[in-house]
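Descriptive structure summary
Chain residues, written in single-letter form:
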Amino acid sequence: MEFLTEPSIPVAIVEVLFGVVLLAKAADAFVEGAGNIAGSLRISPIVIGAILIGFGTSLPELLVSGLAATDGNVDLGVGNIVGSNVANLTLVLGAAALIVPVIATRSVLGREAPLSLLAVLLFAFFTMDGLARWEGIVLLCCLVVVLSWIMFAGREEVIESLSIGTERSLPVEILETVLGLVGTVAGAQVLVWGALAIAEAAEISGGLVGFTLVAVGTSLPELVTAIAAARKNETELILGNLLGSNVFNSLAVGGIIATIANGPIDDRALATYGVVGMVIVATMAWAFMVTRRRLHRIEATLLLTLWLGSVVLMAGEEGDFAAEALALVGRR
């Protein structure tokens, strides 16, 4: 009867697969609709990517981390943010750069990139010794300032055309974008439910689950959206999406966690290795953008290697959970 009291592994696997399929379809519609809206309204794709796509695809992080904070599971919520920030600038950016060179434009280097780096550094500084309520308020106030700056500066960035053309009306494009966003978030949530069930059965700690399974699950909207944008050669949307997502994760989601469930972080590996790794990844990605201006397959391979290395490091601190997972499968 032990099997009946534990999460159903086959059902969890079906949830993961269904979530991936829904994400792939919905994110493609989301990118196309957002790009067409930018063209119709003559809005910079960077602004669309940083605010609409970047924040929209970060809703899974907000939902998962907010619920974890409400339940008092600070480690899971913080691990989700740290792992998502790392995955965005390694796994997601690396995967996109393998498909098409990702170009860092002047506006990205002058605004989105430094804003994203500063947001990550501030969140890391607050996180290493635990989270206090006043720190959450500071993070949320910084979010308001950042949003105001992006929206004000973006008013001067009017584009002549986008590579995505459409003859459909603006309301239809808005509907497609909204439906794509809803499908993307829903697909991510279903996938996270399945991943959490598998993690619970394998008895993995909250910090590692947040950094790996939950972070990758909640970052899948960014991953699938970035790949869809790369296929359409909308590289400005890719960077706007990822940098905007990291700003939102660090300031909005981090601020909500600190406000709701302030206190120490019990998982010391997360508060040290995880947070330091997040800072290193954010700094290195920023350095690539400044010095290289164009991310090719060499940089993509290095970023993907960094993500794999961070997971191995966190797993090593957790212990031999792989052996436990294999033993669990053997008992099945």
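Overview of the structure. Keep in mind the model is a prediction, meaning the values are calculated, not measured. (Residues numbered from 1 in each chain as written. Predicted model: local features only at pLDDT ≥ 70, side-chain atom pairs only at ≥ 80, totals over all residues. Heavy atoms only, no water.)

Description of helix 5 (residues 74-99)
Compared with an ideal rise of 1.5 Å per residue, which puts 26 residues at 38 Å, helix 5 spans 36 Å between its outermost C-alpha atoms and is within 8% of the ideal. The axis of helix 5 is deflected most strongly, by about 45 degrees, at A87. Burial within helix 5 is extensive, with 24 of its 26 residues counted as buried. (Helix = DSSP H or I, 4+ residues; strand = E, 2+ residues; numbered from the N terminus. Expected span 1.5 Å × (residues − 1). Bend = angle between axes of the 7 residues up to and from the residue. Buried < 20%, exposed > 50% of the residue type's maximum accessible area, 1.4 Å probe, protein only.)

Comments concerning the packing of helix 5 against helix 6 (residues 106-127)
Look at helix 5 against helix 6: their axes get within 12 Å of each other, and the N-to-C directions meet at 145 degrees. The interaxial crossing formed by helix 5 with helix 6 has left-handed handedness. Each of V78, I81, V82 and N85 in helix 5 lies in contact with helix 6, whose residues at this interface are V120, F123 and T127. (Axes fitted to C-alpha atoms, helices over the stretch in contact; angles between N-to-C directions. Left-handed = near helix turned anticlockwise from the far one by under 90°. Contact = heavy atoms within 4.5 Å.)

Details of a nonpolar patch on the surface
Residues M128, V276 and I280 make up a contiguous nonpolar surface patch of about 240 Å² in total accessible area. Structurally, the position occupied by I280 is in helix 11 (residues 268-292). I280 sits in the partly exposed class, given a relative accessible area of 45%. (Patch = residues over 30% accessible without salt bridge, like charges linked within 9 Å, V, L, I, M, F, W, Y side chains within 5 Å. Areas by Shrake-Rupley, 256 points an atom, 1.4 Å probe, with all protein chains shown as cover. Salt bridge = Lys/Arg side-chain N within 4 Å of Asp/Glu carboxyl O.)

Regarding the packing of helix 5 against helix 11
At a minimum axis distance of 9 Å, the contact between helix 5 and helix 11 shows a crossing angle of 25 degrees. In terms of orientation, helix 5 and helix 11 fall into the roughly parallel class. Considering the relative orientation of helix 5 and helix 11, their crossing is left-handed. For the pair helix 5 and helix 11, the contacting residues are D75, V78, G79, V82, N85, V86, L89 and T90 in the first and L270, G274, V275, G277, M278, V281, A282 and A285 in the second. Class assignment for the residues of the contact of helix 5 with helix 11 results in ten nonpolar, five polar and one charged. (Parallel < 35°, antiparallel > 145°, perpendicular 65-115°, else oblique. Nonpolar A, V, L, I, M, F, W, Y, C, P; charged D, E, K, R; others polar.)

Some words on the state of the cysteines
Tallied over the full model, the rule gives zero disulfides. The structure places no disulfide on C141, whose sulfur is separated from the nearest cysteine sulfur, that of C142, by 7.1 Å. (Disulfide = S-S within 2.5 Å.)

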